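The chain contents come next:
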Amino acid sequence: IHTYGLGPVLAAVSRSSVPVLGTANSLEWVCVNWTEYLREGCPKCGLKDMIRLATRDRYTTLLPLKILMELIGKEASKQATHVTVQTDGMKKILSRSGYSEKKITTVPNLLDPRFDIKSKKDTNNIVYVGRLEEKKGIMDIVETYVALPDEVHNNWTFKIYGDGGCKSDIRN
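Procedures and definitions
- Residues numbered from 1 in each chain as written.
- Predicted model: local features only at pLDDT ≥ 70, side-chain atom pairs only at ≥ 80, totals over all residues.
- Heavy atoms only, no water.
- Pairing = 2+ DSSP bridges.
- Helix = DSSP H or I, 4+ residues; strand = E, 2+ residues; numbered from the N terminus.
- Axes fitted to C-alpha atoms, helices over the stretch in contact; angles between N-to-C directions.
- Contact = heavy atoms within 4.5 Å.
- Buried < 20%, exposed > 50% of the residue type's maximum accessible area, 1.4 Å probe, protein only.
- Arc of directions from axis to C-beta.
- Core = buried A, V, L, I, M, F, W, Y, C linked by side-chain atoms within 4.5 Å.
- Salt bridge = Lys/Arg side-chain N within 4 Å of Asp/Glu carboxyl O.

## Points about the sheet that holds strand E2 (residues 21-24)
Pairing is parallel across the open sheet formed by four strands, whose spatial order is E1-E2-E3-E4. Each of the sheet's edge strands pairs with one partner strand only, and the pair in question is strand E1 (2-4) and strand E4 (104-106). Strand-to-strand, the axes of this sheet are offset by a mean angle of 25 degrees, without reference to chain direction. Here E1 runs beside E2; their pairing, made up of three bridges, is parallel. Counterpart to Thr-3 in the pairing with E2 is Gly-22. Together, E2, strand E3 (82-85) and E4 form the strand contacts of helix H5 (residues 88-96), whose direction differs from that of E4 by roughly 165 degrees.

What follows is the structure in structure tokens.
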């Protein structure tokens, strides 16, 4: 059985005797604040860290629910025969959160060769397509690009496509 997302793993494992593969398409079931967790180098995140992040990010009312989701999600997901993730960063978070690294495989998103469009211009582009939300890491990407040397700015164009709460910050 293949579950897309770690949430359904518990139901699949408890109702089946066949192997279960869970794809972690999000880390909501794994870590209370996964963007900060990754930014801080994936420390072992304890209850004090969860409270600190929840207080700083103003979601303390949701903290009990998020902790419960994390605890249930971790236990359920650990029952999967194997877990796939889309990036090595996700794998790092899972393994630092107590998952067996032997049971995690990185399978990047695939790019359909039909979308391999050759540019007629001789330009280099860095392209971001997605929601413009802090939790997606867009501000980290923008800040990194801005900090790159002039040589990069002279030879590369950064294009951003999407909508979300960070749109006005990005324009500035």
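Read on, since the account is not over.
## Description of the environment of Val-13
Structurally, the position occupied by Val-13 is in helix H1 (residues 9-14). Residues Val-13 and Ala-80, 67 residues apart in the sequence, show an inter-C-alpha distance of 6.8 Å. Non-local contacts of Val-13, meaning those with residues more than four positions away in its chain, are made with Val-20, Gln-79 and Ala-80.

## Things to note about helix H6 (residues 138-147)
Listed as buried for H6 are Ile-138, Met-139, Val-142 and Tyr-145. Projected down its long axis, H6 shows its buried positions confined to an angular sector of 125 degrees, all on one face. Each element contacted by the buried residues of H6 is listed here: strand E5 (124-129), helix H7 (150-155), strand E6 (156-161) and helix H8 (167-171).

## Quick word on the environment of Ile-104
Position of Ile-104 relative to the elements: it lies in strand E4. If we ignore the near neighbours within four places in the chain, the residues touching Ile-104 are His-82, Val-83, Val-85, Lys-91, Leu-94, Ser-95 and Tyr-99.

## Re the nonpolar core
Grouped together as the largest cluster of nonpolar side chains are eleven residues: Val-9, Ala-12, Val-20, Ala-24, Ala-80, Val-83, Val-85, Met-90, Leu-94, Tyr-99 and Ile-104. In terms of nonpolar packing, the next biggest core, distinct from the first, is built from nine residues, Tyr-128, Leu-132, Tyr-145 and Phe-158 among them.

## A few points about the pairing of E2
Consecutive side chains along a regular strand alternate between the two faces of the sheet. As defined by bridge partners, E2 adjoins E3 across four bridges and the pair is classed as parallel. Across the sheet, residue Gly-22 finds its bridge partner in E3, namely Val-83.

## Here we look at H5
Residues of H5 that are buried include every one of Met-90, Ile-93 and Leu-94, and no others. In an axial view of H5, the angular spread of the buried residues amounts to 100 degrees, which keeps them on one side of the axis. Positive backbone phi, at 105 degrees, marks Gly-98, one or two positions downstream of H5.

## Some words on the pattern of salt bridges
Enumeration according to the criterion identifies one salt bridge in this entry. In this structure, Lys-167 and Asp-163 form a salt bridge, with 3.8 Å as the shortest nitrogen-oxygen distance. By relative accessible area, which is 28% here, Lys-167 ends up partly exposed. A residue is classified by how much of its surface remains accessible, and Asp-163, at 53% relative accessible area, is exposed.

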